[in-house]
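Residue-level listing of the chains:
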Amino acid sequence: MALSGKRYIHHQSIGFADYGERIGKHVAVSQFLEWMPDYLENFGEFTRETAKDWAVVQFLQNEFGMTLEQINSLER
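Here goes a summary of the coordinates provided. (Residues numbered from 1 in each chain as written. Predicted model: local features only at pLDDT ≥ 70, side-chain atom pairs only at ≥ 80, totals over all residues. Heavy atoms only, no water.)

Following the sequence through the fold, D38 ends up in helix α2 (residues 25-43). With 36 residues separating them along the chain, D38 and L74 place their C-alpha atoms 9.7 Å apart. (Helix = DSSP H or I, 4+ residues; strand = E, 2+ residues; numbered from the N terminus.)

Okay, here's the thing in structure tokens:
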């Protein structure tokens, strides 16, 4: 009841690897890349601390060698 909208939607998360297997890695990456500018606009840039919580950020860093600065520039 403390939430401003008085609603709480519970969902189960799926890991990025499992999601990629389910729909295809290319499609999964494309969806996340489309989503990231909206996230950045609404919640601000990823930090070293917040990046740990996002599998897609870790994927972009590990698979493509992107820095947080490069990932955060996806908004622009």
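What follows covers the packing of helix α1 (residues 16-23) against α2. The relative placement of two packed helices comes down to the angle between their axes together with the axis-to-axis distance. Viewed as axis vectors pointing N to C, α1 and α2 meet at an angle of 120 degrees, and their least axial separation amounts to 6 Å. On the basis of their axis angle, the class for α1 and α2 is oblique. The segment α1 lies against α2, with F16, Y19, G20 and I23 engaging K25, V27, A28, V29, Q31 and F32. The class makeup of the residues in the contact of α1 with α2 is seven nonpolar, two polar and one charged. (Axes fitted to C-alpha atoms, helices over the stretch in contact; angles between N-to-C directions. Parallel < 35°, antiparallel > 145°, perpendicular 65-115°, else oblique. Contact = heavy atoms within 4.5 Å. Nonpolar A, V, L, I, M, F, W, Y, C, P; charged D, E, K, R; others polar.)

On to the packing of aromatic side chains. Using the criterion set out here, one finds nine aromatic pairs in the structure. Aromatic pair W35 and W54: ring centres 5.0 Å apart, planes at 40 degrees, arrangement tilted. Taken as a pair, W35 in helix α2 and W54 in the loop between α3 (48-51) and α4 (55-64) lie far apart in primary sequence, 19 residues in all. Taking the relative accessible area as the measure of exposure, W35 reaches 28% and is therefore partly exposed. Residue W54 is classed as partly exposed on the basis of its relative accessible area, which comes to 28%. Between Y39 and W54, the aromatic rings sit 5.1 Å apart at their centres with planes inclined by 65 degrees, giving edge-to-face as the arrangement. Of the two residues, Y39 sits in helix α2 while W54 sits in the loop between α3 and α4, which places them 15 residues apart along the sequence. Cluster of aromatic residues (ring-pair linked, three or more members): Y19, F32, W35, Y39, F43, F46 and W54. (Phe/Tyr/Trp six-rings, centres within 6.5 Å; stacked < 30°, edge-to-face > 60°. Buried < 20%, exposed > 50% of the residue type's maximum accessible area, 1.4 Å probe, protein only.)

With that settled, the discussion passes to the nonpolar core. Ranked by size, the top nonpolar core spans 15 residues in total, and within it M36, F46, V57, L60 and I71 carry the most contacts. Of all elements in the fold, only α2, α4 and α5 (68-72) reach the threshold of two or more residues within this core. With five residues, the single largest contributor to this core is α2. Those residues in contact with I71 that lie beyond four places of it in its chain are M36, L40, F46, V57, L60, Q61 and M66. (Core = buried A, V, L, I, M, F, W, Y, C linked by side-chain atoms within 4.5 Å.)

Purely geometric numbers; function is a separate question.
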